[in-house]
Amino acid sequence: MDNEADTFYRELPKVELHAHLNGSVSFQTIEKLIRRKPQLNIEHSMTAIGKGQRRTLDECFQVFKVIHQLVDSEEDIFMVATDVIKEFAADGVKYLELRSTPREETATGLTKRRYIETVIKAIQQCKKERVDIDVRFLVAIDRRNGSQVAMETVQLAEEFFLSSDGLVIGIDLSGDPTVGHGRDLLSALQRAKNSGLKLSLHLSEVPSQHDETDLLLDIPPDRIGHGTFLHPEMGGSQGLVDKVVQKNIPLGRTYFNISSLPLDNGQLFLWIFFSELCLTSNVKGQTVQCYAEHHFKYWYHMGHPIVICTDDKGVFATDLSQEYKMVATTFGLSREAVWKLSQQAIDYIFAPVSVKEQLKQKWRNLQPQEFK
Ligand code: 6MZ
């Protein structure tokens, strides 16, 4: 039975901007997949990291490979995507940007194009069933696969960007951060940016990526995933922080999608990048020692725009309500501050202004009297 606090976090309307499809598969859906493919001899302990457990990041990436064995046909992808969308909706998520790497599987005849079409079909099916959630799709580039695959992925995403009625809206760069270098992916990412696709890039997820981050920040991306080792106190550098938070850039000279906040001294402080922070993922994947040491504390206290996300709710056995609760209890946020955090996330979605306005209205309708 939920206690009162759990109910508050579940009922809090939320925006999820960093969710990998195959990392988000729940225990129940894994159960169905295991029943479909008993010959694989896969057990639950191979697809999720339970409470109190931790793995190296490398071991986390082995878990994704196991899940990929279970999810290898159009039928599987459709089931996984519809289940994941409905689970986010049941957790109070009102707007979701799902990301996934298109795969081809010769054994089942799956192609990358069909992969994307199937995710879109699942989104449309949930819409038809009036599930209370707006879902968009970011096509993911797995950095392990190199420059040519990255370029092909962008070309495919461009096609769907034009033909999916606003459902495909951006590109995610993810995959094992210890493999490959962003310089090889630069032209594909630049092409995506020039086509109007939004970019969310995993940056500085591990300590050795300083130069790569420096290079990719110049594109620039629209949002940063993790950014764990950007901050000097996490082993990053002030130079990187300065790039992320660019002060006093005259509005007229920038052409990025930015928001601005007036400072007390009347100067404009311009935010160019928004960061997606995934606490449980970072702690369970051991890139961050414990919740209290999470880089949330630096960015939040600087006033830098951040969004709380799950990353892989299935693999890390969490949900977005738990992530908000963890942030609040670890860093002493009041319920009003939590509400504000979830509301501000609307500004950082990739969908157009009209969608932002609809979501803002939804938040206003749901806002408890005491926060008004
Ligand atoms: C980097 C990650 C990730 O694309 O098959 N992925 N990439 N860092 C992370 N932090 C833990 N978590 C997930 O979902 C699984 C894929 O998402 C990326 C990896 O490429 C993984 O194979 P999809 O739906």
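Please refer to the structure higher up on the page.
Keep in mind it's a predicted model, so treat the numbers as computed, not measured. (Residues numbered from 1 in each chain as written. Predicted model: local features only at pLDDT ≥ 70, side-chain atom pairs only at ≥ 80, totals over all residues. Heavy atoms only, no water.)

**Q** Just to check I follow, could you spell out the pairing of strand S4 (residues 168–174) for this structure?
**A** Looking along a regular strand, one sees the side chains alternate between the two faces of the sheet. Of all 7 residues making up S4, 7 are buried, and the element is well covered by its neighbours. Two strands pair when backbone bridges link them, and strand S3 (residues 134–142) and S4 are joined in this way by 6 bridges, in the parallel orientation. Counted as the bridge partner of alanine 140 is aspartate 172 from S4. Regarding the hand of the β-α-β motif, the stretch spanning S3, helix H6 (residues 146–163) and S4 is right-handed. As paired elements, S4 and strand S5 (residues 198–203) share 4 bridges and run parallel to each other. Residue pairing in the sheet places isoleucine 171 in a bridge with leucine 199 of S5. Chirality of the crossover, the property in question, places the unit of S4, helix H7 (residues 186–195) and S5 among those that are right-handed. (Buried < 20%, exposed > 50% of the residue type's maximum accessible area, 1.4 Å probe, protein only. Helix = DSSP H or I, 4+ residues; strand = E, 2+ residues; numbered from the N terminus. Pairing = 2+ DSSP bridges. Right-handed = clockwise from strand over helix to strand, strands pointing away.)

**Q** How do you make sense of the packing of helix H1 (residues 4–11) against helix H12 (residues 320–331) when you look at a structure like this?
**A** Axis angle and axis distance: for two packed helices, these are the angle between their axes and the distance between the axes, and together they describe the pair. Two elements in contact, H1 and H12, have axes separated by 8 Å at closest approach and are oriented at 120°. Classified by the angle their axes make, H1 and H12 are oblique. Relative to H12, the crossing made by H1 is right-handed. Listed contacts from H12 to Ala5, Asp6, Tyr9 and Arg10 of H1 are Ser321, Tyr324, Lys325 and Ala328. For the contact of H1 with H12, the residue count by class is 4 nonpolar, 1 polar and 3 charged. (Axes fitted to C-alpha atoms, helices over the stretch in contact; angles between N-to-C directions. Parallel < 35°, antiparallel > 145°, perpendicular 65-115°, else oblique. Left-handed = near helix turned anticlockwise from the far one by under 90°. Contact = heavy atoms within 4.5 Å. Nonpolar A, V, L, I, M, F, W, Y, C, P; charged D, E, K, R; others polar.)

**Q** When you look at the nonpolar core in this model, what are you seeing that I'm missing?
**A** With 117 residues, the main nonpolar core has Tyr95, Leu96, Ile133, Ile171, Leu189, Phe296 and Leu333 as its most contacted residues. For isoleucine 133, the residues in contact, after removing those within four places along its chain, are Ile85, Phe88, Ala89, Val93, Lys94, Tyr95 and Leu96. (Core = buried A, V, L, I, M, F, W, Y, C linked by side-chain atoms within 4.5 Å.)

**Q** Help me understand the sheet that holds strand S10 (residues 306–308) in this model?
**A** Sheets are built from strands paired through backbone hydrogen bonds, the pairs being either parallel or antiparallel. Strand order in the open sheet made by the 8 strands is S1-S2-S3-S4-S5-S6-S9-S10, with parallel pairing throughout. Edge positions in the sheet fall to strand S1 (14–20) and S10, since each of these pairs with one other strand and no more. Between one strand and the next, the sheet's axes are offset by a mean angle of 25°, whatever the strand orientation. Sheet analysis places strand S6 (residues 223–226) next to strand S9 (residues 274–277), joined by 3 bridges and oriented parallel. Counted as the bridge partner of isoleucine 224 is serine 275 from S9.

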